[in-house]
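Commentary on secondary and tertiary structure
So you can see what is in the structure, the chains are spelled out below.
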Amino acid sequence: MNTVEKQLVSHPDLNHLYNEAIELLSALIAIPSFSGSEQGTANKIELHLAKHGITTIRKNNNVWCYNKYFDHAKPTILLNSHHDTVKPNEQYTLDPFHAIIYDEKIHGLGSNDAGASLVSLISTFIYFYESTDLAFNLCLAATGEEENSGLNGIRSILDDLKPISFAIVGEPTGMQMAIAEKGSMVIDCVAKGRSGHAAREEGDNAIYKAIKDIDWFSHFQFPIEDDLPAPVKMTVTEINAGLQHNIVPGECHFTVDIRFDHNYTPREILNVIINHTLSSFNVRPNVLHPSNIDVLHPLVVAGMALGRKTYVSPTSSGQGWLTMPSVKMGPGESARSHTADEFVLIEEIEEGITLYIHLLESVFKIL
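Below is a summary of the structure that appears in this document. (Residues numbered from 1 in each chain as written. Predicted model: local features only at pLDDT ≥ 70, side-chain atom pairs only at ≥ 80, totals over all residues. Heavy atoms only, no water.)

Here we look at the sheet that holds strand E5 (residues 105-107)
Within a sheet, adjacent strands bond to each other through the backbone by hydrogen bonds, running parallel or antiparallel. Just so we agree on the cut-off: Two strands make a pair as long as DSSP finds a minimum of two bridges between them. Strands are runs of DSSP state E lasting at least 2 residues, helices are runs of H or I lasting at least 4, and numbering of each runs from the N terminus. Axes here mean lines fitted to C-alpha atoms, for a helix over just the part in contact, with angles spanning 0 to 180 degrees between N-to-C directions. Note on contacts: a residue pair qualifies if any of its non-hydrogen atoms lie within 4.5 Å across the two residues.
What the three strands build is an open sheet, ordered E4-E5-E18; its pairing is antiparallel. Single-partner strands in this sheet number two, and they are strand E4 (100-102) and strand E18 (343-345). Direction aside, neighbouring strands of the sheet carry axes that sit 20° apart on average. In this structure, E4 lies alongside E5, joined through three bridges in antiparallel fashion. Directly across from isoleucine 100, in E5, lies its bridge partner histidine 107. Along the sheet face, helix H4 (residues 111-128) touches E5 and E18 and points at about 40° away from the line of E18. Each of E4, E5 and E18 touches helix H8 (residues 346-366); the most contacted strand, E18, lies at about 60° to it.

Written as structure tokens, this is what we have:
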């Protein structure tokens, strides 16, 4: 393409991008993509980008690409979201793998988390793909194994990507900007007693011991300055004990989900737990560390100029693996994630694409 032809390159029509995004999301919903088994959705994303003449790179089920006129002298912005999903829960009344569109909503597994963000970022990338006058490069990465923090998700390709200056991570935030995200750690605990016959004064009931520790987890508050959010949230999410009704259980197993910010390290949290509980525990691998970005970063400044609010996200995502500054931002609502008959509004996808484009254009001006 010569200079004159380059100058004639125009952006794709937005209405066409809106419709394409909805069609792509419907197709992705129809393809089961549980964490670690996202081959089908990775294939579909590659085909969709190829239709626009975009060459992709793939590793495992991670697919990424760069804008057509990539310039090594310019900073690169990463646009990332995931295409894996959790398994549908037992309360679904609709087919989770059939995109049902009615009342201006798209129902289906992964529609809100994070299909809407993914297709909106893909459309945004396509919008800028052939631009010749960008002040930055774009790298689009559709990644797997986010829901299970798997080894073969985004962290497996970070060393393969060209240097990234900052990132937008697509997750349902109502298109507000999460400028910090809590870390995540899971511990599996075991309260140990001694088995015995329930009819006699025998044994040492492990359930009673576990209850004492569970009560501590539910009430303990990590110290923090006044008027600031709680730095650590600990929630007991699973419990299992007992063989049958007439045997005093010798062990009681329970799991604790822990979310934390920059005020406490994982080691400090674990030391507090050790000093206050009697149960033994193991820390599950893949601890996600908290992330944040300076409020004066050009990406945040540009978002605030567009009326976007900033907040600290209590949930974790693939953002926890990133080492560069990043914001978490996408269409949909976090409260809908992992719920039965999950849905996203069509207007939320259209707004997502529009705001992503305006955000990058604003960053362009600041840069």
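Quick notes on the packing of aromatic side chains
Operational definition: By convention, a stacked pair of Phe, Tyr or Trp rings (six-membered ring in the case of Trp) has centres within 6.5 Å and planes under 30 degrees apart, an edge-to-face pair has planes over 60 apart, and any other such pair is tilted. To sit over a ring, a charge needs its Lys NZ or Arg CZ within 6 Å of the ring centre and within 35 degrees of the ring normal.
Counting across every chain of the model gives ten aromatic pairs. Taking the centre distance of 5.1 Å and the plane angle of 70° together, the rings of phenylalanine 222 and tyrosine 264 count as edge-to-face. Of this pair, phenylalanine 222 sits in the loop between helix H5 (206-219) and strand E11 (232-241) while tyrosine 264 sits in the loop between strand E13 (251-260) and helix H6 (266-276), placing them 42 residues apart in sequence. Within the aromatic cluster, the residues linked to one another by ring pairs are Trp216, Phe217, Phe220, Phe222, Phe254 and Tyr264. Above the face of the phenylalanine 34 ring, lysine 87 is positioned so that its terminal group lies 5.8 Å from the ring centre.

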